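Here are the chains, one letter per residue:
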Amino acid sequence: MINVLHTLLLFMLSLMLLWANSSFAHQQKAAETTILMSKDLTRVEVSHRFYIHDTEHAVQHLFDKHADILDSTTTQQKFADYVADQFSAKTLNDNALNLENVGYEVEGKFFWVYQEARLPTKVRGLKVFNGSLRELWPTQINMVNVEGNGSVRTMYFNEGKTWLTVEF
């Protein structure tokens, strides 16, 4: 009888741990941005990817408690504009890239924001700022990958980091 109770107790404890683990499955706030350089190094395409779960909470804090990222194109546009305002890039000589907003979309569990810019000739690197959602959540991590000119370079914006540099 004691073995049966012991086994039942262990089973119940295991179920509770599984439930607790799944309820905290997406607690880390994170977003990913890709800066894709054209082969001739004359243009960059920037893609920002956010979890829908994060954006649902964010728009209610940023705009109003009834904001709806899934069904409101107004909220989607406002969030895309917010992301564009929170992201900047410039050359190593501090010449700002003129990032043009080219769209956004909801795709599965992600919200995407797209930008592009022309690169000055002979660019040797970039200085990047990515502040999206960091004022809401101090633990927010914004990862930026730079691709298309040699190996992929990755920058992490967290814990007060503002401008980071990548050289080619």
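To start, this report covers the structure provided alongside it. Since the model is a prediction, treat every value here as computed from it, not as a measurement.

### Comments concerning the overall build of the chain
And step 1. Looking only at helices and strands, the chain has 3 helices and 9 strands in total.
And step 2. Secondary structure elements of the chain, listed N to C terminal, follow the sequence α-β-β-α-α-β-β-β-β-β-β-β.
And step 3. Counting the 168 residues in the chain, one finds 35% classified as buried.
And step 4. Taking the intrachain contacts of the chain between residues at least 6 apart in sequence as the baseline, contacts between residues at least 24 apart amount to 60%.

### Observations concerning the nonpolar core
And step 1. Grouped together as the largest cluster of nonpolar side chains are 18 residues, with contacts concentrated most on Ile-35, Leu-126 and Val-128.
And step 2. Leave out the neighbours within four places in its chain, and Leu-126 touches Ile-35, Lys-90, Leu-92, Leu-97, Leu-119, Leu-164, Thr-165, Val-166 and Phe-168.
And step 3. Judged by nonpolar contacts, the second largest core, of 15 residues, contains Phe-50, Ala-58, Tyr-82 and Phe-111.

### Considerations on the sheet that holds strand 4 (residues 100-107)
And step 1. Strands sit in the order 4-5-2-1-7-8 across an open sheet of 6 strands; the sheet is mixed. Strands with a single pairing partner mark the edges of an open sheet, and in this sheet they are strand 4 and strand 8 (153-157). Neighbour to neighbour, the strand axes of the sheet diverge by 15° on average, direction disregarded.
And step 2. Two strands pair when backbone bridges link them, and strand 4 and strand 5 (residues 110-118) are joined in this way by 7 bridges, in the antiparallel orientation. Its bridge partner lying in strand 5, Asn-101 is registered against Gln-115.

### Describing the pattern of salt bridges
And step 1. On inspection of all chains with the given rule, the structure shows 5 salt bridges.
And step 2. Of the charged contacts in the structure, one is a salt bridge between Lys-29 and Asp-54, with a shortest N-O distance of 3.4 Å. Linking Lys-29 in the loop between helix 1 (2-23) and strand 1 (30-37) with Asp-54 in helix 2 (residues 52-62), this pair joins segments that are 25 residues apart in sequence. Judged on exposure class, the residue Lys-29 and its partner Asp-54 are both buried.
And step 3. Residues joined by salt bridges that share partners form a network here, namely Lys-90, Asp-94 and Lys-127.

### Re the environment of Ile-35
And step 1. Here Ile-35 shows up in strand 1.
And step 2. On the basis of relative accessibility, which here comes to 1%, the residue Ile-35 falls in the buried class.
And step 3. It is 6.1 Å that separates the C-alpha atoms of Ile-35 and Asn-145, two residues lying 110 residues apart in sequence.
And step 4. What Ile-35 contacts, discounting residues up to four positions off in sequence, is Val-44, Glu-45, Val-46, Phe-87, Leu-126, Val-128, Val-144, Asn-145, Val-146 and Glu-147.

### Quick look at the sheet that holds strand 6 (residues 125-130)
And step 1. The sheet built from 3 strands is open, its strands ordered 3-6-9 with antiparallel pairing. Strand pairing shows two members of the sheet lacking a second neighbour, strand 3 (87-91) and strand 9 (163-167), which therefore form its edges. The average angle at which neighbouring strand axes cross in this sheet is 20°, direction not considered.
And step 2. Relative to strand 6, strand 3 runs antiparallel, the two sharing 5 bridges.

### Notes on helix 3 (residues 73-85)
And step 1. Relative to the 18 Å expected for 13 residues at 1.5 Å per residue, helix 3 spans 18 Å between its end C-alpha atoms, a close match to the ideal helical length.
And step 2. Those residues of helix 3 lying buried are Thr-75, Gln-76, Phe-79, Ala-80, Tyr-82, Val-83 and Ala-84.
And step 3. Looking at the buried side of helix 3, the elements it contacts are strand 2 (43-51), helix 2, strand 3, strand 4 and strand 5.

### Looking at the packing of aromatic side chains
And step 1. Enumeration over the complete set of coordinates arrives at 8 aromatic pairs.
And step 2. Ring centres of Phe-79 and Phe-111 lie 5.5 Å apart, and the angle between their planes is 75°; this geometry places the pair in the edge-to-face category. Within this pair, whereas Phe-79 is found in helix 3, its partner Phe-111 is found in strand 5, the two being separated by 32 residues in sequence. Neither residue differs from the other here; Phe-79 and Phe-111 are each classed as buried.
And step 3. One aromatic cluster in this structure is built from Phe-50, Phe-79, Tyr-82, Tyr-104 and Phe-111.

Calculation criteria
Residues numbered from 1 in each chain as written. Predicted model: local features only at pLDDT ≥ 70, side-chain atom pairs only at ≥ 80, totals over all residues. Heavy atoms only, no water. Helix = DSSP H or I, 4+ residues; strand = E, 2+ residues; numbered from the N terminus. Buried < 20%, exposed > 50% of the residue type's maximum accessible area, 1.4 Å probe, protein only. Contact = heavy atoms within 4.5 Å. Core = buried A, V, L, I, M, F, W, Y, C linked by side-chain atoms within 4.5 Å. Pairing = 2+ DSSP bridges. Axes fitted to C-alpha atoms, helices over the stretch in contact; angles between N-to-C directions. Salt bridge = Lys/Arg side-chain N within 4 Å of Asp/Glu carboxyl O. Expected span 1.5 Å × (residues − 1). Phe/Tyr/Trp six-rings, centres within 6.5 Å; stacked < 30°, edge-to-face > 60°.

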